[in-house]
Amino acid sequence: MSRQPDEVHRIDERPEPSPAGTGSDLARLFEEHNAALIALLRAKLRSNQEARDVAQEAYVRLLQLDRLGTVSYLRTYLFRTALNIATDRLRSASVRVAAHRDPIFDPRVDEISPDRLALAEDELRVIAAALESLPAKPRYAFLLHRFADLDIDEVAGRLGVTERMVRNYILQGMLCCRAALDNARKRQAETGGSTS
């Protein structure tokens, strides 16, 4: 049975390429590059789950663009977006680790003697006064993160600011407390009295 010429033409026809940014382009982008994206993020974040979360967030951001057709290199845009998200997460984690390592806020209780208890009470008064000197948002962000143990994104949601701003607020709070304690200790060393 021989094929008719128009049948041969239909069989050899290839679909017209779709404009950049359509659903089929995004699906192809996912199929061709998702494994490489996850591998890159896993190497950066050292966590498979974090890598998958960041990749998903990058795809969501890509889908939220108003005009996908204006992004000529979707793959590059996707990878750059994912790496930016991963970098933000690493910064956030490093701020949290640094905050928890600060000896001012060391949760370990060493020897509780009357002198140590009095010194701790004095230091708490100094920290409370220092925090009161902060503007409301930095103070609230610092207290929510440091003492209520909320994540940066949760604090950002409560305050209606960006995660970057929350990190700045936390750093501002830490520096304020550190400076107040250093000044109090300096005064104590000069006078030989308590820190208050």
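Quick summary incoming for the structure in this document. On a predicted model such as this, the values are computed, not experimentally measured, just so you know. (Residues numbered from 1 in each chain as written. Predicted model: local features only at pLDDT ≥ 70, side-chain atom pairs only at ≥ 80, totals over all residues. Heavy atoms only, no water.)

**Details of the packing of helix H7 (residues 152-159) against helix H8 (residues 163-191)**
Contact geometry for H7 and H8: axes closest at 8 Å, N-to-C directions at 100 degrees. As far as their axial angle goes, H8 and H7 are roughly perpendicular. Of the residues in H8, those touching H7 at Ile152, Asp153, Val155, Ala156 and Leu159 are Glu163, Val166, Arg167, Tyr169 and Ile170. Per-class residue counts for the contact of H7 with H8 are 7 nonpolar, no polar and 3 charged. (Axes fitted to C-alpha atoms, helices over the stretch in contact; angles between N-to-C directions. Helix = DSSP H or I, 4+ residues; strand = E, 2+ residues; numbered from the N terminus. Parallel < 35°, antiparallel > 145°, perpendicular 65-115°, else oblique. Contact = heavy atoms within 4.5 Å. Nonpolar A, V, L, I, M, F, W, Y, C, P; charged D, E, K, R; others polar.)

**Comments concerning the state of the cysteines**
For the structure shown, the criterion picks out 0 disulfides. In this structure Cys176 is not part of a disulfide, and its nearest cysteine sulfur, from Cys177, lies 5.6 Å away. In this structure Cys176 comes out as buried when scored by relative accessible area, which is 18%. Its relative accessible area of 0% is what places Cys177 among the buried residues. (Disulfide = S-S within 2.5 Å. Buried < 20%, exposed > 50% of the residue type's maximum accessible area, 1.4 Å probe, protein only.)

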